[in-house]
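# Observations on the three-dimensional arrangement
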Amino acid sequence: MPWILGGAGALVVIVVAVVLILNMTGGSNGTAKDAADSYAAAINAKDFDKVRSLTCAEHHDEIDDMKKLYDPATMSAEIEKQLESLPAEMRKEAQKSIDKAKDVKVTLAVDNVVEKSDTTAEASMSVKYENVPEDMKSLMKDQKAAKIPFKKTDSGWVACD
């Protein structure tokens, strides 16, 4: 009986109960909708360890590659590598574009989740761009309804594209 333990003891019991409930229901991927929302939030936060945990095992290598690509040091080295082969004037222009693009915000949003069966679902997601420089708007347009399949596993729902 938690109320006998007093304030701090009761709080510990409540916290343990919440943790147990979350673990039993799969936490952030207990339903296909929860998994899709968590997946989008993890992508937006660039939390690739979380993205990996919400992705089926056969695609973990792709998530690891994505994590490397978004690592600031790796990204910088790759950009430098791409720019070094350009003539000086083009390199200068490319650097201006890169600098302008740094303020662009890209957001993945869940539009809809449809459960196809007890173990499969499909999430419609869109990509939205904010703070796009005028000269890049033709390249960076909002994109609607990419379909991402999800499947139910022993550890909950995961994206499995």
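Our subject is the structure listed above.
Below or above, wherever it landed, is the structure these notes cover. Given the structure is predicted, the values throughout are model-derived calculations rather than measurements.

Procedures and definitions
Residues numbered from 1 in each chain as written. Predicted model: local features only at pLDDT ≥ 70, side-chain atom pairs only at ≥ 80, totals over all residues. Heavy atoms only, no water. Helix = DSSP H or I, 4+ residues; strand = E, 2+ residues; numbered from the N terminus. Contact = heavy atoms within 4.5 Å. Areas by Shrake-Rupley, 256 points an atom, 1.4 Å probe, with all protein chains shown as cover. Disulfide = S-S within 2.5 Å. Patch = residues over 30% accessible without salt bridge, like charges linked within 9 Å, V, L, I, M, F, W, Y side chains within 5 Å. Salt bridge = Lys/Arg side-chain N within 4 Å of Asp/Glu carboxyl O. Lys, Arg positive; Asp, Glu negative; His and termini not counted. Charge placed at Lys NZ, Arg CZ, Asp CG, Glu CD. Buried < 20%, exposed > 50% of the residue type's maximum accessible area, 1.4 Å probe, protein only. Polar contact = N/O pair within 3.5 Å; in protein donor to acceptor, adjacent residues only side chain to side chain. Phe/Tyr/Trp six-rings, centres within 6.5 Å; stacked < 30°, edge-to-face > 60°.

### Topic: the overall build of the chain
- Within the chain, the secondary structure is distributed over six helices and four strands.
- In the chain, the succession of helices and strands from N to C terminus is α-α-α-α-α-α-β-β-β-β.
- Taking the intrachain contacts of the chain between residues at least 6 apart in sequence as the baseline, contacts between residues at least 24 apart amount to 47%.
- Carbon and sulfur atoms provide 58% of the accessible area of the chain, an area that totals close to 10,700 Å².

### Quick word on the state of the cysteines
- Per the stated rule, a full pass over the model turns up one disulfide.
- Across a sulfur-sulfur distance of 2.2 Å, Cys-56 and Cys-160 are joined as a disulfide pair. Taking the sign of the S-S torsion, about 85° here, the bridge from Cys-56 to Cys-160 comes out right-handed. On the criterion of sequence distance, the pair formed by Cys-56 in the loop between helix H3 (48-53) and helix H4 (60-70) and Cys-160 in the segment after strand E4 (156-159) is long-range, its members being 104 residues apart.

### Considerations on a negative patch on the surface
- A cluster of acidic residues, Asp-61, Glu-62, Asp-65 and Asp-161, forms a negative patch on the protein surface.
- Within the element layout of this structure, Asp-65 appears in helix H4.
- For Asp-65, a relative accessible area of 46% corresponds to the partly exposed category.

### Notes on the side chain of His-60
- Inspection of the secondary structure puts His-60 in helix H4.
- On the basis of relative accessible area, His-60 is assigned to the buried category, the value being 18%.
- Of the polar contacts made by the side chain of His-60, one reaches the backbone oxygen of Arg-52; its length is 3.1 Å.
- Every residue in contact with His-60, bar those within four places of it in the chain, is listed here: Arg-52 and Thr-55.

### Here's the deal with the pattern of salt bridges
- Applying the stated criterion across every chain yields a total of five salt bridges.
- The residue Asp-64 makes a salt bridge to Arg-52 at a minimum N-O spacing of 2.9 Å. Taken together, the residues span a long stretch of sequence, with Asp-64 in helix H4 and Arg-52 in helix H3 at a distance of twelve residues.
- Its relative accessible area of 26% is what places Asp-64 among the partly exposed residues.
- According to the relative accessible area criterion, Arg-52 is partly exposed, its value standing at 29%.

### Description of the packing of aromatic side chains
- Within this structure, the stated rule accounts for one aromatic pair.
- Ring geometry for Tyr-39 against Phe-150: centres 6.0 Å apart, planes inclined by 85°, an arrangement best described as edge-to-face. Of the two residues, Tyr-39 sits in helix H2 (residues 32-45) while Phe-150 sits in strand E3 (residues 143-153), which places them 111 residues apart along the sequence.

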